[in-house]
Amino acid sequence: MYTASQLLDKINKYIADIQFTRTPKGLYEPIEYTLSLGGKRIRPVLMLMAYNLYREDVASIYEPATAIEVYHNHTLLHDDLMDRSDMRRGKPTVHKVWNDNTAVLSGDAMLILAFRYMTACPAEHLKEVMELFSLTMLEICEGQQLDMEFESRGDVTEDEYIEMIRLKTAVLLAGSLKIGAILAGATAEDAENLYKFGMQIGVAFQLQDDLLDVYGDPEVFGKKIGGDILCNKKTYMLIKALDRADAKQREELNRWLNAETCQPAEKIKAVTELYNQLDIRSVCENKMRGYYTLAMESLAAVGVAEERKKELKNLVKLLMYREM
C-alpha cells in the first residue's frame, strides 16, 4: 500500500513531465501554465487510493488519473472567467495573463485532452468508465447552472443547496473513487460504496468551505475571510440564517443583503454577528459532521481489510479537520 503523500508525489511527477508538442503554442501554453500551478490533486490521488485498495500497480492508471486532474483544472479555468477572478493559487488567472478568448479555447482543449487521457484505460472497462466520466461532467455543468440561478433567488432551500453542491463539487470526488475501483476490478457493490463515500465526503467538504469562509483563519484557509458574505452568496450558512431568524433578525439580514453600498468590514462583522446569534456555526458543523459520519459508514461497507482503508480514512480526516 502507498501513502497518500507517496501517491501525490507520483501523480505530480507524471503531470509535471507532460509535454505538449502540438501547435499552436498559444493554445497549449495556458494549459501548461494552469497545470503548473499545482494544487492538492485530491481527485487523482483519491482515484489512485481507490485502485490501491485492490492492486499495487498504480502506475498503470496514471493516464486516467491525469484525466481527472486535467478536467478539474478545465472547470477552474472556466470558473475563473465566469467569476472574473484575478487570482488562482496565488497566481494570475489565465484570462488575466492572456485574454478571455484564450481562456475559453484552452479550457475547451483541456476538456478534450481529459477525454483522451481517460480513454487510455483498459478496453474491458472503457465503456463503463466513459459513461461515468461523461455523466459526471454533465452533472457538474448542472450544478454550476444551479449555482448561477441561485444568485438571483432569495428563496433557495436547504435541500436545493445540498443538491447543488452534490452536483457541482461532490460528484467529481465520487466519480474519481469509483473509476479507480472499476479499473482495479472491484465488485460493483464496493465501487458503489466508494462512490457514496466520495459523494458524502464531497458535500461535507463544501459545507466546511462555507464555514471556513466565515470562521476560518485566513493564514490557514488561504484566502480572505468573508468573501461569501460580501457577494451575498447563497451558502448553507446564509440559507439557515434566513430560515432561523426572527422578524427583526431577518429584517437586519435583508438590509445587509440589499445594501448597494457598504463598508466591507462592517458588513462582514454585522452578518457574522447575526450568524453568532442564530448559532449558525454549530448548525453547519453538525450538518458537516453528519455527512462525514455517513461517509465513514459507506467506507466501512467496502469489502477490503480495514488496514487497507486506514490511509484513505486518515487523508479524509486531515482534509476535514485541518482548519477546524
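Cut-offs applied
Residues numbered from 1 in each chain as written. Predicted model: local features only at pLDDT ≥ 70, side-chain atom pairs only at ≥ 80, totals over all residues. Heavy atoms only, no water. UniProt positions renumbered as here; feature names shortened; annotations may be inferred. Salt bridge = Lys/Arg side-chain N within 4 Å of Asp/Glu carboxyl O. Buried < 20%, exposed > 50% of the residue type's maximum accessible area, 1.4 Å probe, protein only. Helix = DSSP H or I, 4+ residues; strand = E, 2+ residues; numbered from the N terminus. Phe/Tyr/Trp six-rings, centres within 6.5 Å; stacked < 30°, edge-to-face > 60°. Lys NZ or Arg CZ within 6 Å of the ring centre and 35° of its normal.

Taking an unreviewed UniProt entry as the reference, the protein is identified by name as Polyprenyl synthetase family protein belonging to Bacteroides difficilis. Its UniProt record gives the protein the following Sequence similarities (unreviewed entry) comment, quoted word for word: "Belongs to the FPP/GGPP synthase family." Recorded in UniProt for the protein, the comment headed Cofactor (unreviewed entry) runs: "Mg(2+)".

Chemist: Teacher, can you tell me more about the pattern of salt bridges here?
Modeler: For side chains bearing opposite charge, pairing can occur when the charged atoms are close. In total, this model carries 22 salt bridges according to the counting rule given. A salt bridge links Asp57 to Arg55; the shortest N-O distance between them is 3.1 Å. Relative accessible area serves as the criterion here: at 33%, Asp57 is assigned to the partly exposed category. Of the charged contacts in the structure, one is a salt bridge between Lys309 and Glu306, with a shortest N-O distance of 2.8 Å. With a gap of three residues between them, Lys309 and Glu306 both fall in helix α16 (residues 306-321), about one helical turn apart. Of the residues examined, Lys309 reaches a relative accessible area of 0% and is grouped as buried. Among the charged side chains, a salt-bridge network with shared partners connects Glu158, Lys240, Asp243 and Lys287.

Chemist: Even after reading the chapter, I still don't get the packing of aromatic side chains, so can you show me in this structure?
Modeler: What characterises a pair of aromatic rings is the spacing of the ring centres plus the angle enclosed by the ring planes. Inspection of every chain in the model, using the stated rule, returns five aromatic pairs. Taken together, a centroid distance of 5.4 Å and an interplanar angle of 55° make the contact between Tyr14 and Tyr62 tilted. Of the two residues, Tyr14 is situated in helix α1 (residues 4-16) and Tyr62 in helix α4 (residues 62-83); the sequence distance between them amounts to 48 residues. Look at Tyr14 and you get partly exposed, because its relative accessible area is 27%. Ring centres of Tyr33 and Trp98 lie 5.5 Å apart, and the angle between their planes is 75°; this geometry places the pair in the edge-to-face category. On the criterion of sequence distance, the pair formed by Tyr33 in helix α2 (residues 25-36) and Trp98 in the loop between α5 (94-97) and α6 (100-118) is long-range, its members being 65 residues apart. Chaining the aromatic ring pairs together yields one cluster made of Tyr71, Phe115 and Phe133. Positioned above the aromatic ring of Tyr195, the side-chain terminus of Lys178 is 5.3 Å from the ring centre. We note Arg255 situated over the ring of Trp256; from NZ or CZ to the ring centre the distance is 4.8 Å.

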